[in-house]
Amino acid sequence: MCQSATAQSLTVEAASAADIPFIMSIERSPGYQALVGSYDAIEHRRRMEAQTCTYLLCRNAGELVGFAVIRRDDDGMGTAQLHRIAVSPPGNGYGSAFLRKICRWVFSEHGLDRLWLDVLPSNVHATRLYEKLGFVREGVMRASLRVPGGRQDLVLMSLLREDWERH
Ligand SMILES: CC(C)(COP(=O)(O)OP(=O)(O)OC[C@H]1O[C@@H](n2cnc3c(N)ncnc32)[C@H](O)[C@@H]1OP(=O)(O)O)[C@@H](O)C(=O)NCCC(=O)NCCS
């Protein structure tokens, strides 16, 4: 049985190459492929080795339940992208508790000023999570995503340090 997340029960740690099979299994959870991208093991390893990428794992009560990828923008502007986040199973509060800790990591531990992301307009669940944490919708990036048979819009959202401190 899944235990709901609390601030105490959910912990965050850095991922290593040994965690790639877990990360790939979360990306490929039923129903997730239309919502979140997925890479093969070689691509994950390549990204993990990049200076600008940080892979984080989250555990609830000791059990691995999700991962996120934060990509610091390399222009010296103090901003980062939440490139990927996925937890499984959904709806137990893991995403909320994990994203709160990610925001602390970004703003408090790494002194960044802006965390941005993009999300499919159809991904209502993720959008609610982001709004709950104080992310603000900035607009639509038209036809940004290549999908089989065409292109899709993405909604751009961001959380600023001051939003996070106020929230
Ligand atoms: C998006 C995701 C990370 C959210 O994590 P989660 O643990 O499922 O979310 P939580 O249980 O913390 O719920 C967060 C909010 O989402 C909303 N929510 C919960 N279940 C929902 C559902 N079935 N449908 C729509 N919104 C829902 C609620 O507003 C909830 O906040 P509340 O419980 O305080 O009201 C997770 O569902 C996931 O990995 N989804 C697949 C991958 C994905 O879409 N990643 C994001 C790509 S941009």
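As for the pattern of salt bridges
In total, this model carries nine salt bridges according to the counting rule given. The shortest N-O distance in the salt bridge between Arg-47 and Glu-43 comes to 2.7 Å. Placement of both Arg-47 and Glu-43 in helix α2 (residues 41–49) is noted, with a separation of four residues, approximately one turn of the helix. On the basis of relative accessibility, which here comes to 15%, the residue Arg-47 falls in the buried class. By sharing partners, the salt bridges in this structure join Glu-27, Arg-28 and Arg-84 into a single network.

Considering the pairing of strand β4 (residues 79–87)
Of all nine residues in β4, nine are buried, a share of seventy percent or more. Bridge count between strand β3 (residues 63–72) and β4: seven bridges; the pairing is antiparallel. Of the residues in β4, the one forming a bridge with Ile-70 is Leu-82. Relative to strand β5 (residues 114–119), β4 runs parallel, the two sharing three bridges. Each residue of the ladder has a partner; that of Thr-79, found in β5, is Arg-114. Assessed by its sense of winding, the connection that carries the chain from β4 through helix α3 (residues 94–109) to β5 is right-handed.

About the criteria used
- Residues numbered from 1 in each chain as written.
- Predicted model: local features only at pLDDT ≥ 70, side-chain atom pairs only at ≥ 80, totals over all residues.
- Heavy atoms only, no water.
- Salt bridge = Lys/Arg side-chain N within 4 Å of Asp/Glu carboxyl O.
- Helix = DSSP H or I, 4+ residues; strand = E, 2+ residues; numbered from the N terminus.
- Buried < 20%, exposed > 50% of the residue type's maximum accessible area, 1.4 Å probe, protein only.
- Pairing = 2+ DSSP bridges.
- Right-handed = clockwise from strand over helix to strand, strands pointing away.

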